[in-house]
Amino acid sequence: MNDIRPHTVYRKDYRLPDYLVDSTVLCFELEPNSTLVKSSLEIRRNPALAEGLPPLRLDGVDLQLLYIAVDGEPLPPSRYQELQQGLSVRVDKPEFLLEIHNRINPGDNTSLEGLYLSNGMYCTQCEAEGFRKITYYPDRPDVMSRFTTRIVAPPQYPVLLSNGNEIDRGRMDDGRQFVTWEDPFAKPAYLFALVAGDLECVEDSFSTASGRRVKLQIFTEAKNIGKCAHAMASLKKAMRWDEEVYGREYDLDIFMIVAVDHFNMGAMENKGLNIFNSACVLSSPETATDGAFQRIESIVAHEYFHNWSGNRVTCRDWFQLSLKEGFTVFRDAEFSADMNSRDVKRIEEVTRLRTAQFAEDAGPMAHPVRPDSYMEISNFYTLTVYEKGAEVVRMIHTLLGPEGFRRGTDLYFTRHDGCAVTCEDFVRSMEDANGVDLTQFRRWYSQAGTPVVDVSETYDAEAGEYRLTFRQSCPPTPGQSEKLPLHIPIAVGLLASDGAELALDAAGNSSRVLEITQPEQSFTFSAPAAKPVPSLLRGFSAPVKLGFEYTEEQLQFLMQFDRDAFNQWDAGQRLAFNAIEQSQADYRSGAALEPPVALIGACRGLLQRGSTAPALLAEMLSLPSEQALAEHSDLIDAEAIVAARDFCRLSLGKSLQGELLECYRRLNTHKPYRPEAEDIAERSLKNTCLGYLAASGGAEGIRLARAQYLGAENMTDSSAALRVLVNHADRAVARQALDDFYQRWQEDTQVVELWLSLQSSSASYGSLDLVRELMQHPAFELTNPNKVRAVIGGFANGNFTQFHSIDGSGYQFLAEQVVALDSLNPQIAARLVLPLTHWKKYLPQVGENMRAALASVMAGGQLSADLYEVVSKSL
């Protein structure tokens, strides 16, 4: 952390770089506390700019400058100036070779940006602005250079990796070894990577569509070498899928993945050398849940897909971050949908969007998909840039159709290969390839906030006409009080009274995409027999809040008959929201809570009919989370939300005990574990039933959970049963199971992280005192982001009951931890504080406690730019 006062960077101030770097040659002589970095840069004046030779500005943070020379001549101090965050060099010629030597201290680098140590292994993280912590450089994405990297290290680091292809290796006279890597493709500095350690490797190969053989390698610590098979299989699936769906073939001779325990993010797409958070690459049936297997498959694909959507074509500046991330999230979502249940994948995406991204849109850090300003760019690796950005790309796909979208991406990759471009360039490629005008659609990139689409209906029985009227609006957000109408694709269907779908056009299509472009628009459909039931926003065709007054009978009807699986699920969610909100009102008024009859009946029908696919059925039986209910509330009453949701869950468990028990027993079979969609669906439904049986308050659910825990042959069933015991069993029973689990898995880092999070996020078990105890446990490490997310993040984000304790103790605890973390890892501190930033949405007393905790963070000393931006905007 540095003591420089944060300043705001604006998109409107973008200027082309004064100088370009054609070639970057690096040499690292690795030592834990004194690594020597030598750089040799071929620099030339940017020909796109006017004549003249302005000073060369190089970024640099926490570097010790040892030597600087131009064309072999050391520079006198009068020719350069050391700045607080870099160097300024006086230039007297348009082309020159700049040489710099500097020292860095990887061993003390707890920010995990630049070059640092993880369990004795050297590794890097350079996105967004980490390369400036390695050496002096124009650290911006529009400066693209060909990199050659030589790594020199003692023999205890036998594996030395960097970007591109290996071109040389050997041993020096002093016993040290070296390896040289060359990347033939120009790239920005944020895609640079280096790894050095005592690692083992799993190796495979892939034959591209053109017949080239690519070596595939996954590196990890020796103890984890047996947990790489699923990641390797996922990589090969992703490579084939990208060839078949997008026509994108891999371009190097080797593709490498390295698993690292200390990592701020999920993974990083460095050219040819992806560095992964261990939790996002290592798995086995015994140690990883179904969710982990699917997450690994998705993240491996995401980082691989970046080879084209991010590396070969990168972003001009960090305001264009969604250009690569939104597009790639859409690509990995479609890949995951093809590999697993498309319906469930879409439900998971929308649940995350509605619960967390909509809250972001309504909060103090609200920003457009393409932000206009930032103090610290790491704060804008957000759900808005990633998930909402992916929804914007999905809408283009919806408007153009699969073939039109493919024409657009082909043109985009061909036109901009090897370039640093903008969101505007992406949209223009879509327009030019399809002859369409997306001028109004561009507002999705520039306007913040979640649009609201209110829908009303009229039916003219005599004319046999049914009319839907759409009214769009968008609430004010910071810096944007007035909003213009958006181009919104709304997919709709109409259902007759017998559940049959009506034809919506002359071709007989039963689903149609309506393009809403005006503040108010109406559409008329033929419905001669009777008034239909509308199925609106099918597949969640746009990231909007939809308002329509469905009756309980209509929602039950849609749950049974709608052919759009997403809307089937959404009808059930609306029923659940209505029931829980009614229970909240009764709780606040002191009235007796009544069982949700309509919801119980709908769920009973689902279980008895047995016609719904297991994966979808598990989702349809699940209640909205406390976080989703909070986002849905105008004024959040945390206590009422918890009481109402728990009561509805208890009512469902009691009323449906027979059906749930029958379903559980039918699925509770012993067969070899496979992380395949069909088996995952059955385990998901089985464990959903188990959760309800335990929540019903009866002894049978706990008995079944103990039996499942003791007999489980995979981590999915084991951890699901353990979660039930922790949340619903007597504390002594829960403690016994937790102790047994830890004794069994204490040597496995990822399983221990799961063990920690199960406790910290449990409403009944995870008290603040327990969370403090977990922070003293030998397994906890404040400098390890995964451990921090498991314990502190699990409490603040997952333990709605305990975190929102009326005395404000949970908020003050989080504030204390954020201040402590800020001096170690500003990125993690800034992300961890986010639950406090929505204090204005809570009841006055609770909100004031949250605000006071934020104020204590602001008063906690010299804050990093990361944390200062979030806290200052929130206050």
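Shown above is the structure to which this text applies.
Residues numbered from 1 in each chain as written. Predicted model: local features only at pLDDT ≥ 70, side-chain atom pairs only at ≥ 80, totals over all residues. Heavy atoms only, no water.

Quick notes on the overall build of the protein
For clarity, the threshold we go by: A run of DSSP states H or I qualifies as a helix once it reaches four residues; a run of E qualifies as a strand once it reaches two. Both are numbered from the N-terminal end. Partly exposed residues are those whose accessible area sits between 20% and 50% of the maximum for their type, while under 20% is buried and over 50% is exposed, using a 1.4 Å probe and protein chains only. Here a residue-residue contact requires only that any non-hydrogen atoms of the pair lie within 4.5 Å. Each accessible area is a Shrake-Rupley estimate made with a 1.4 Å probe; only the visible protein chains count as cover when residues are assessed. Think of it this way: Lys and Arg go in the positive column, Asp and Glu in the negative one, and His and the chain ends go nowhere. Just so you know, the charge point we use is NZ for Lys, CZ for Arg, CG for Asp and CD for Glu.
Secondary structure assignment for the protein yields 26 helices and 31 strands. Counting only C-alpha atoms and orienting by the principal axes, one finds that the protein spans roughly 90 × 65 × 60 Å. By the burial criterion, 60% of the 875 residues in the protein qualify as buried. A separation threshold of at least 6 residues defines the contact pool for the protein, and within that pool the share at least 24 residues apart is 70%. A total of about 33000 Å² of accessible surface is found on the protein, and carbon and sulfur atoms cover 48% of it. When the 85 basic and 118 acidic side-chain charges of the protein are each reduced to a single mean position, those positions are 1 Å apart.

Concerning the sheet that holds strand S20 (residues 267-268)
Put simply, the rule is: Any two strands with at least two DSSP-identified bridges between them are counted as paired. Here, axes are lines fitted to C-alpha atoms. For helices the fit covers the stretch in contact, and angles between N-to-C directions go from 0 to 180 degrees.
As summarised here, the arrangement of the 5 strands in space is S17-S18-S19-S21-S20, forming an open sheet in which the pairing is mixed. In the strand order of this sheet, the two ends are held by strand S17 (200-207) and S20, each with one partner. Docked against the sheet, helix H1 (residues 229-246) engages S17, strand S18 (213-220) and strand S19 (254-260), running at close to 25° with respect to S17. Running over the sheet, helix H2 (residues 290-305) touches S19, S20 and strand S21 (273-277) and is turned about 150° from S21.

A look at the pattern of salt bridges
Selection criterion: Basic side-chain nitrogens of Lys or Arg form a salt bridge, by our definition, when they fall within 4 Å of a carboxyl oxygen of Asp or Glu.
The full count for this structure, using the stated rule, is 69 salt bridges. Here Glu391 ties to Arg394 by a salt bridge, and the two come within 4.0 Å at their closest N and O atoms. Of this pair, Glu391 and Arg394 both sit in helix H5 (residues 383-416), 3 residues apart, which is roughly one turn of the helix. Each of Glu334, Asp338, Arg342, Arg346, Glu349, Glu391 and Arg394 takes part in salt bridges that share partners, so that together they form one network.

Describing the sheet that holds strand S13 (residues 159-162)
Sheet architecture is open: 4 strands sit in the order S10-S11-S16-S13, paired in antiparallel fashion. Only two strands of the sheet have a single neighbouring strand rather than two, namely strand S10 (114-118) and S13. Sheet twist, expressed as the mean angle between neighbouring strand axes with direction ignored, is 20°. Strand direction decides the pairing type here: strand S11 (residues 121-125) and strand S16 (residues 194-197), joined by 2 bridges, are antiparallel. Residue pairing for S16: Tyr122 is matched across the bridge by Ala196.

As for the pairing of S19
Regular strands place side chains that alternate from one sheet face to the opposite one. For S19, the tally of buried residues reaches 7 of 7 residues, placing the bulk of the element in the interior. Of the two faces of S19, the one lined by Ile254, Met256, Val258 and Val260 and the one lined by Phe255, Ile257 and Ala259 are each fully buried. As defined by bridge partners, S18 adjoins S19 across 5 bridges and the pair is classed as parallel. The partner of Leu216 across the bridge, within S19, is Phe255. As defined by bridge partners, S19 adjoins S21 across 5 bridges and the pair is classed as parallel. Residue pairing for S21: Ala259 is matched across the bridge by Phe276.

Describing the nonpolar core
For clarity, the cut-off: Among the buried residues, those of types Ala, Val, Leu, Ile, Met, Phe, Trp, Tyr and Cys that are joined through side-chain atoms within 4.5 Å form a nonpolar core.
Ranked by internal contacts, the top residues of the largest apolar core, which has 270 residues, are Leu98, Phe426 and Phe470. Sort the elements by how many residues they give to this core and H5 lands first, with 12 residues. Residue contacts for Phe470: discarding those within four places in its chain leaves Val453, Asp454, Val455, Ile490, Val492, Leu514, Ile516, Pro519, Glu520, Gln521 and Phe523.

Concerning the side chain of Arg370
With respect to the helices, strands and loops of the structure, Arg370 is situated in the loop between helix H4 (342-361) and strand S23 (373-374). Summary of buried charges: Arg370 has no salt-bridge partner, and the nearest side chain of opposite charge, Glu424, is 5.3 Å away. Sequence-distant contacts of Arg370, that is, excluding residues within four places in its chain, are made with Arg11, Phe319, Gln320, Cys423, Tyr445 and Ser446.

Considering helix H13 (residues 638-655)
Spelled out, the test is: Helix span, as expected, comes to 1.5 Å for every residue beyond the first.
Taking 1.5 Å per residue, 18 residues should reach 26 Å; H13 reaches 26 Å between its end C-alpha atoms and fits that length. Listed in full, the buried residues belonging to H13 are Ala638, Ala640, Ile641, Val642, Ala644, Arg645, Phe647, Cys648, Arg649, Ser651, Leu652 and Gly653. Where H13 is buried, its residues touch helix H9 (565-589), helix H10 (597-609), helix H12 (626-632), helix H14 (657-667), helix H15 (677-695) and helix H22 (800-803).

Here we look at the packing of helix H25 (residues 844-858) against helix H26 (residues 865-874)
Quick reminder of the rule: Oblique is the label for any angle not covered by the other classes, which are roughly parallel (under 35 degrees), roughly antiparallel (over 145) and roughly perpendicular (65 to 115). Note: crossing handedness is left-handed where the near helix turns anticlockwise from the far helix by less than a right angle, and right-handed where it turns clockwise. Throughout, the ten residues Ala, Val, Leu, Ile, Met, Phe, Trp, Tyr, Cys and Pro are labelled nonpolar, Asp, Glu, Lys and Arg are labelled charged, and all others, Gly among them, are labelled polar.
Running from N to C, H25 and H26 point in directions that differ by 140°, and their axes come no closer than 10 Å. Relative to H26, H25 is oriented oblique. Our pair here, H25 against H26, has a crossing hand that is left-handed. Judged by residue contacts, Leu854, Val857 and Met858 of H25 engage Leu867, Tyr868, Val871, Ser872 and Ser874 from H26. A class-by-class count of the residues in the contact of H25 with H26 yields 6 nonpolar, 2 polar and no charged.

Topic: H5
The following threshold applies: Values of bend correspond, residue by residue, to the angle between axes fitted over the seven residues ending at that residue and the seven starting there.
Its 34 residues give H5 an end-to-end C-alpha distance of only 26 Å, which falls more than 12% under 50 Å, the value for a rise of 1.5 Å per residue. The largest bend along H5 reaches roughly 115° and is located at Gly401, with the proline Pro402 sitting one to four residues downstream. Along H5, 24 of the 34 residues are buried, which leaves the element largely enclosed by surrounding structure. In the segment just after H5, Gly418 is the residue with positive phi, at about 80°.

Considering the pairing of S17
With 8 bridges connecting them, S17 and S18 associate as antiparallel partners. Within S18, the position partnered with Cys201 by the bridge is Phe219. The hairpin formed by S17 and S18 contains 5 residues between the paired strands, and Gly211 there has a positive phi angle of roughly 95°.

Observations concerning the environment of Asp71
By the element assignment, Asp71 lies in the loop between strand S5 (64-70) and strand S6 (73-74). On the accessibility criterion, Asp71 (39% relative accessible area) is partly exposed. Between the alpha carbons of Asp71 and Leu98 there is a distance of 6.5 Å; along the sequence they are 27 residues apart. With near-sequence residues (within four places) excluded, Asp71 lies in contact with Lys93, Glu95, Phe96 and Leu97.

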